[in-house]
Amino acid sequence: MSGLRMMIAVMAVLGAAFSTGQRVEAAPYAAFVMDARTGAVLHESDADRRLHPASLTKMMTLYLTFEAVKAGRLGLDQRVTISRHVAAKPASKMGYRAGQKVRIRDLIRAAAIKSANDAAAALAEAVGGSESAFADIMTRRARELGMANTRFLNASGLTQSGQYSTARDMAILGRALFYDHPQYYNLFSRITTPASGRTIYNTNRRFLNAYRGADGIKTGYTSAAGFNLVASAERGQERIIAVVFGGKSTPWRNKRAAELLDLGFGKAPSEAEYISTAALIRRVGSGGGENRVASASTAARAVAAAAPEESPPPPARPGDERAASASLLAQAGEMLVPSAAASETPPQEYTRLSPRRSPWPRIRPGSELAVAPAPIPREDAVSDWSVQLGIFAKEETAIAELASAALGVRGLAAAGRDVDQFTLSGRPAWRAQLTGFDRPGALAACAAIQAQGKDCVPVESAGR
């Protein structure tokens, strides 16, 4: 099948998946709840099952980056050059271009807040020389932290056979990130933050806004993993970490995480003595303690677990065509699937705020896809033009429009994608923009989008 025919087929199936409202089944469910102060297990469900971690992987990427900064091997304002390998990463991404120079500080923010895959890969190269070498460092550090059932093969969490982790191990990592690098932990509670000359939005902002005491940590989604979350919350002197793997959607995952945190706060003592990461690792290794993080059987398997082992393939599901097509939206990152979750029906109604047009590209059999230039980097590492696709009354509609442009116009996959919520005439509205252009690039990209029968406008970003 030609590339054009494949695109037409994928778009047709994708439209059908949304129009029927049929949910794409998630990967196997697993959960773990920990008293962060002591590492005591408060709840577990299939917590040692090896599953795809998705962007939870970025917690280790950030952990090692924070170590490198602390050791003086990297500086927060040090600029690194974006490689071709980094620039080629799929979304979610910032849209960095090869040759662009970006500060470590901005890469950290982009990886932690936006869950940008290109930012994570750039940090990996800065710390380890290459992403593959960095992945080896990640796995070794995981073992040192007591993560007996984790193996990393990339820095971002993109699905790769042989990469796996568990709910228990991700709780251990989340705890280490909080206690070992407290000066950076506030990043994970930010709803927005500036990075590389623009404002980015936290993929976990819905949960942070909804759950009392929540202050982090990291979301993750791929079609193979389902909707994952490591959540942490503090109330009084108690801090609980809850992990969800294999959620069915963002709302489902957030609801389950809230239930697990509630369970944890209900079980945890009001006062407890903090146990350091090193002391907890020693306790796990010795197999002592009734409420230790790792069970005795898990500790006994630690050496065997260090050997390379294939992670489970993405689960076979009824309607694999729908699952595969919906995953195209998911690959754009959690920023593009906040509540619609790439498996629920986005509303098709429009209001006066919304351009009256279909959210899917008009691609006719035999027609050629429009060609748009890739975003062009500037010498000062800031590309300050965007292509605005519209202002919408529904977040899901803005999401669909971004996916439509990225899939329907060749060359736009490299652009950044932002959904920005603001208030218009006293009501919430969502602005959809493709980002990372210079002025000529934005003009050309908008012309290519308009050639597909869609509305857009090039805009110069303020505050650069």
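Going by the structure above, here's the rest.
Notes on the structure follow. None of the values given here were measured: they were computed from a predicted structure.

## Re the side chain of Arg141
Stage number 1. Along the chain, the position of Arg141 falls in helix 6 (residues 131-144).
Stage number 2. Sequence-distant contacts of Arg141, defined by excluding residues within four places in its chain, comprise Met60, Tyr63, Leu64 and Glu67.

## Brief notes about the packing of helix 2 (residues 58-70) against helix 7 (residues 167-180)
Stage number 1. Where helix 2 meets helix 7, the closest approach of the two axes is 10 Å, and the angle between their N-to-C directions is 30 degrees. Between helix 2 and helix 7, the angle is such that the two are roughly parallel. In the crossing of helix 2 with helix 7, the sense of the turn from one axis to the other is left-handed. Residues Met59, Met60, Tyr63 and Phe66 of helix 2 touch helix 7, and the partners they reach there are Met170, Leu173, Gly174, Ala176, Leu177 and Asp180.
Stage number 2. A breakdown of the residues in the contact of helix 2 with helix 7 according to their chemical character gives 8 nonpolar, 1 polar and 1 charged.

## Some points on the state of the cysteines
By definition, a disulfide is the covalent link that joins the sulfur atoms of two cysteine residues.
Stage number 1. Within the structure shown, the criterion is met by 1 disulfide.
Stage number 2. Here Cys446 is linked by a disulfide to Cys456, with a sulfur-sulfur distance of 2.1 Å. Negative torsions about the S-S bond denote left-handed disulfides, and the value of about 115 degrees found for Cys446 with Cys456 makes this one right-handed. Residue Cys446 is located in helix 16 (residues 439-450), and its partner Cys456 is located in the loop between helix 16 and strand 15 (457-460); the two are separated by 10 residues in the primary sequence. The pair formed by Cys446 and Cys456 is uniform in burial state, with each residue classed as buried.

## Here we look at the nonpolar core
Stage number 1. In this structure, Met60, Leu107, Met147, Met170 and Val243 are the most contacted members of the largest nonpolar core, which totals 64 residues.
Stage number 2. In this view, Val243 contacts Ala30, Ala31, Phe32, Ala167, Met170, Ala171, Leu229, Val230 and Leu260; residues no more than four positions away in its chain are not counted.
Stage number 3. Counting 22 residues, the second-largest nonpolar core is a separate cluster that includes Phe392, Val409, Leu434 and Phe437.

## A look at the sheet that holds strand 2 (residues 40-45)
Stage number 1. The strand order 2-1-9-8-7 describes an open sheet built from 5 strands, whose pairing is antiparallel. Both edges of this open sheet fall to strand 2 and strand 7 (214-222), since each of them pairs with a single strand only. Each strand of the sheet is rotated relative to its neighbour by a mean of 10 degrees, with strand direction disregarded.
Stage number 2. Here strand 1 (residues 30-35) runs beside strand 9 (residues 238-247); their pairing, made up of 6 bridges, is antiparallel. If you follow Phe32 over to strand 9, its bridge partner there is Val243.
Stage number 3. In the packing of helix 10 (residues 250-267) onto the sheet, the strands contacted are strand 1, strand 2, strand 7, strand 8 (226-235) and strand 9, and the crossing angle to strand 9 comes to about 145 degrees.

## Observations regarding the environment of Leu64
Stage number 1. Take Leu64: it is sitting in helix 2.
Stage number 2. Looking at Leu64, the relative accessible area reads 4%, which means it is buried.
Stage number 3. In sequence terms Leu64 and Leu177 are 113 residues apart; their C-alpha atoms lie 9.6 Å from each other.

How each quantity is defined
Residues numbered from 1 in each chain as written. Predicted model: local features only at pLDDT ≥ 70, side-chain atom pairs only at ≥ 80, totals over all residues. Heavy atoms only, no water. Helix = DSSP H or I, 4+ residues; strand = E, 2+ residues; numbered from the N terminus. Contact = heavy atoms within 4.5 Å. Axes fitted to C-alpha atoms, helices over the stretch in contact; angles between N-to-C directions. Parallel < 35°, antiparallel > 145°, perpendicular 65-115°, else oblique. Left-handed = near helix turned anticlockwise from the far one by under 90°. Nonpolar A, V, L, I, M, F, W, Y, C, P; charged D, E, K, R; others polar. Disulfide = S-S within 2.5 Å. Buried < 20%, exposed > 50% of the residue type's maximum accessible area, 1.4 Å probe, protein only. Core = buried A, V, L, I, M, F, W, Y, C linked by side-chain atoms within 4.5 Å. Pairing = 2+ DSSP bridges.

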